[in-house]
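What follows is each chain in one-letter form.
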Amino acid sequence: MEEEKDNPPSSLSAKPSLRWGILRKAFLSRDNSSHTDTTTATSEMGEKLKLISRKTGQGFNLIKSQLINKNKITSTLDEQHLGDESNDIYVSYTLPLDTAPTLIMSQRVENHVSLNDFEICNKYNIDNTGLVCNWPSEDVLAYFCLTHADKFRSKRIIELGAGYGLAGLVIAAGTDVSEVVVSDGNPQVVDYIQRNINANSAAFADTKVKSMMLHWNQEQVPEVLNTFDIIVASDCTFFKEFHEGLAKTVKSLLKVSEASEAIFLSPKRGNSLDKFLEKVNEIGMHYSITENYDKEVWQQHQKFLQGDDSWPNYEKDHSYPLLVSITF
């Protein structure tokens, strides 16, 4: 990826690339610079981060959430698995179901930056966007899966690029799914996923739920090849260098069946989504795109387009996730 310049981004579509450029520069500064230079680079990085909106409050807010104090958690939650990192926060998600089940997940503080993160990114050739926050498309994906719960009954599901795994855990807690595998390519993120799975195990009833380290540009282990009925993913067409690997991963994991399907919820982000779908066609799979796929999501989208203080920098191309169905 071409290194980002030091000038502020000219549009929202430039900000994701700027974020990755910041991570790369911070890692290189630690590896090649003196302590003074590293401190300067970190300070500069902090200034650039101000250019990038990462507030979790900016989203569709389809699944009610709130920050909670871990000491005030009073539920069947297995608290010992949440961890006690100083840079973690705890968020309660109340699912919009009659039974109103609640998931409590540990997440990173949004403005926390660790140089160790950049070492991990470099070592595993992966980004750290999964540590940043739950992205708006993840919230929409989780909600969409709940409102189409029949689709998942008795199925084996895997979430790709899951971040903290909200959608995967919502599927496990809110549908009659047989098994859910929540995957990411960043080992730090996978640690959070497994911690959240363990902490909320009582919410999953008889559903098998587990985490998995899965990098799209690597060969997948034979045990998971062509074994999943449904793949779900949100905003995973982010980096073009992973498009081919992501498309091949989808093909290698899905059962070869007319009933199998990969469900992606992704904004266009310029031509990024289109470029990914070109790779999908190249490997012999088919796709369809639906813009208006849920009444509530569409109403929220229209509200934001007309101007809404809760999401002042809303931009359709960057923010609104399209529903993409990928099949054999």
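Report follows, based on the coordinates.

Calculation rules
Residues numbered from 1 in each chain as written. Predicted model: local features only at pLDDT ≥ 70, side-chain atom pairs only at ≥ 80, totals over all residues. Heavy atoms only, no water. Axes fitted to C-alpha atoms, helices over the stretch in contact; angles between N-to-C directions. Helix = DSSP H or I, 4+ residues; strand = E, 2+ residues; numbered from the N terminus. Parallel < 35°, antiparallel > 145°, perpendicular 65-115°, else oblique. Left-handed = near helix turned anticlockwise from the far one by under 90°. Contact = heavy atoms within 4.5 Å. Nonpolar A, V, L, I, M, F, W, Y, C, P; charged D, E, K, R; others polar. Phe/Tyr/Trp six-rings, centres within 6.5 Å; stacked < 30°, edge-to-face > 60°. Buried < 20%, exposed > 50% of the residue type's maximum accessible area, 1.4 Å probe, protein only. Lys NZ or Arg CZ within 6 Å of the ring centre and 35° of its normal.

### A few points about the packing of helix 7 (residues 243-253) against helix 8 (residues 272-282)
Consideration 1: Contact geometry of helix 7 with helix 8 gives a least axis separation of 9 Å together with a crossing angle of 50 degrees. In terms of orientation, helix 7 and helix 8 fall into the oblique class. Between helix 7 and helix 8 lies a crossing whose hand is right-handed. Packed against helix 7, whose contacting residues are His-243, Glu-244, Leu-246 and Ala-247, the element helix 8 presents Ser-272, Lys-275, Phe-276, Lys-279 and Val-280 at the interface.
Consideration 2: Partitioned by chemical class, the residues of the contact of helix 7 with helix 8 number four nonpolar, two polar and three charged.

### Some remarks on the packing of helix 4 (residues 136-147) against helix 5 (residues 166-174)
Consideration 1: For the pair helix 4 and helix 5, the least separation of the axes is 8 Å and the interaxial angle reads 20 degrees. Classified by the interaxial angle, the pair formed by helix 4 and helix 5 is roughly parallel. Two packed elements cross with a definite hand, and for helix 4 against helix 5 that hand is right-handed. For the pair formed by helix 4 and helix 5, the contact residues are Glu-138, Asp-139, Leu-141, Ala-142, Cys-145 and Leu-146 on the first element and Leu-166, Ala-167, Val-170, Ile-171 and Gly-174 on the second.
Consideration 2: Of the residues belonging to the contact of helix 4 with helix 5, the class tally is eight nonpolar, one polar and two charged.

### Things to note about the packing of aromatic side chains
Consideration 1: Summed over the entire model, instances satisfying the criterion amount to 15 aromatic pairs.
Consideration 2: Ring plane angle 85 degrees and centroid distance 6.0 Å describe the contact between Phe-144 and Tyr-293, whose orientation is recorded as edge-to-face. One end of the pair, Phe-144, is in helix 4; the other, Tyr-293, is in the loop between strand 9 (286-290) and helix 9 (295-305), with 149 residues separating them in the sequence.
Consideration 3: Residue class for Phe-144 comes out buried when judged on its relative accessible area of 5%.
Consideration 4: For Tyr-293, a relative accessible area of 11% translates into the label buried.
Consideration 5: Every member of this aromatic cluster is reached through a ring pair, and the members are Phe-60, Phe-144, Tyr-293, Trp-298, Phe-304, Trp-311, Tyr-314 and Tyr-320.
Consideration 6: Its guanidinium or amino end placed over the ring of Phe-228, Arg-156 lies 4.3 Å from that ring's centre, counting from NZ or CZ.
Consideration 7: In this structure, Arg-195 packs its charged tip against the face of Tyr-192, placed 4.5 Å from the ring centre.

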